[in-house]
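# A look at the structure
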Amino acid sequence: MASKHTIATRHAQGIRARFASRFLRSLLRLRRSSNRFGGSQSNDEGIGKRIRTDRIKIAAYAAMARAVGPRRTWSRALLFKLRNRARIHGVSRKRCLVSEKKRITRNKVVATSSEPSRADTLRKLVPGGDSMDTCVLLEETAHYIKCLATQVTVMQSIADRLLL
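Residues numbered from 1 in each chain as written. Predicted model: local features only at pLDDT ≥ 70, side-chain atom pairs only at ≥ 80, totals over all residues. Heavy atoms only, no water.

### Focus: the layout of surface pockets
Short version of the rule: Grid points spaced at 1 Å and placed over the protein atoms alone form the basis of the search, with a cavity being a set where a 1.4 Å probe fits but cannot get out and a pocket an open set showing protein on both sides within 12 Å along at least five of seven lines. Lining residues have an atom within 4 Å of a point. Grid points are joined across faces, edges and corners, and a volume is the space filled by probe spheres set on the points. Counting from the N terminus, the helices are DSSP H or I runs at least four residues long and the strands are E runs at least two residues long. Under the scheme applied, nonpolar residues are Ala, Val, Leu, Ile, Met, Phe, Trp, Tyr, Cys and Pro; charged residues are Asp, Glu, Lys and Arg; polar residues are all the others, including Gly.
Counted as a void, the second largest pocket has a volume near 410 Å³. What lines the second largest pocket is a set of 19 residues, and nearest its centre among them are Tyr61, Leu78, Lys81, Leu82 and Pro127. When contributions to the lining of the second largest pocket are tallied by element, the ones reaching two or more residues are helix H2 (45-68), helix H3 (73-88) and helix H4 (118-125). For the lining of the second largest pocket, the residue count by class is 10 nonpolar, 1 polar and 8 charged.

### Quick word on the packing of aromatic side chains
Heads up, the rule is: Within 6.5 Å between ring centres, the rings of Phe, Tyr and Trp (the latter by its six-membered ring) count as paired, and their orientation is classed by plane angle as stacked under 30 degrees, edge-to-face over 60, tilted in between.
Counted under the stated rule, the structure contains 2 aromatic pairs. Relative to Phe23, the ring of Phe19 has its centre 5.5 Å away and its plane inclined at 10 degrees; by these criteria the two rings are stacked. Of this pair, Phe19 and Phe23 both sit in helix H1 (residues 4-36), 4 residues apart, which is roughly one turn of the helix.

### Brief notes about the confidence of the model for the protein chain
We count it as follows: Within a predicted model, pLDDT stands for the predictor's per-residue confidence, ranging from 0 to 100. We call two residues in contact whenever any of their non-hydrogen atoms come within 4.5 Å of each other.
Residue-level pLDDT values for the protein chain average 79, and 71% of them are 70 or greater. Of all secondary-structure elements in the protein chain, the lowest mean pLDDT belongs to H1, at 78, while helix H5 (residues 134-163) reaches the highest, 92. Counted against residues more than four places away or in other chains, residues 92-104, with its pLDDT under 50, gives 5 contacts.

### Thoughts on the side chain of Glu140
How we decide: Each polar contact in these results corresponds to two N or O atoms within 3.5 Å; when the atoms are within protein, one needs to be able to donate a hydrogen and the other to accept it, and residues that are neighboring in sequence are counted only if both atoms are side-chain atoms.
Along the chain, the position of Glu140 falls in helix H5. Within the structure, Glu140 has its side chain in polar contact with the backbone nitrogen of Trp74 (distance 3.4 Å). Among residues more than four places away in sequence, those in contact with Glu140 are Arg72, Thr73, Trp74 and Met132.

### Side note on the environment of Thr134
Put simply, the rule is: Only protein chains enter the accessibility calculation, which uses a 1.4 Å probe; a residue is then buried when its area is under 20% of its type maximum, exposed when over 50%, and partly exposed in between.
Mapped onto the elements, Thr134 comes out in helix H5. You can call Thr134 partly exposed: its relative accessible area is 43%. Linking Thr134 and Asp120, residues 14 residues apart in sequence, is a C-alpha distance of 9.3 Å.

### A look at the nonpolar core
Side chains of a nonpolar character, in soluble globular proteins, are inclined to be buried together. To be explicit about the condition: What makes a nonpolar core is a set of buried Ala, Val, Leu, Ile, Met, Phe, Trp, Tyr and Cys residues whose side-chain atoms join them at distances within 4.5 Å.
Ranked by internal contacts, the top residues of the largest apolar core, which has 23 residues, are Phe19, Phe23, Met64, Val68 and Trp74. Elements with a minimum of two residues in this core: H1, H2, H3 and H5. A per-element tally of this core places H2 first, with 8 residues. Residues contacting Phe19, with those up to four places away along its chain left out, are Ala60, Ala63, Met64, Ala67, Gln151 and Val154.

Here it is as structure tokens:
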């Protein structure tokens, strides 16, 4: 019988592999689209570099959220945010039909001090954190941090292989 650590390690490796393949596909798509338009559209190199950086960041977040899937609140919130961003910027893409769930907002307790609590600060950092109670928030934050660490290791290994 497999231990909990073995199962968790296998699950993390699955997420790492799914993220890496989705992120690399997104990078290839970005490269093809920039080559199709003749590279940077801007004469100012700083602006072109900023746009590329933003697109890579969005591709990394989207790949991670899709690798995790809709099981986690933070991934659903991030995918929703990216989908709305695409609609605002006029980008149309194929979408998977996902059943929409009712969003339950919790009544926030008003703090006596003017300083926000640590939980409120954490809610601002984790995507979708504003609709979570404290226990779920901590669980989702732990998973989000693990996924961000996975994202960093995959991106670091890609950068290391490009430098060789």
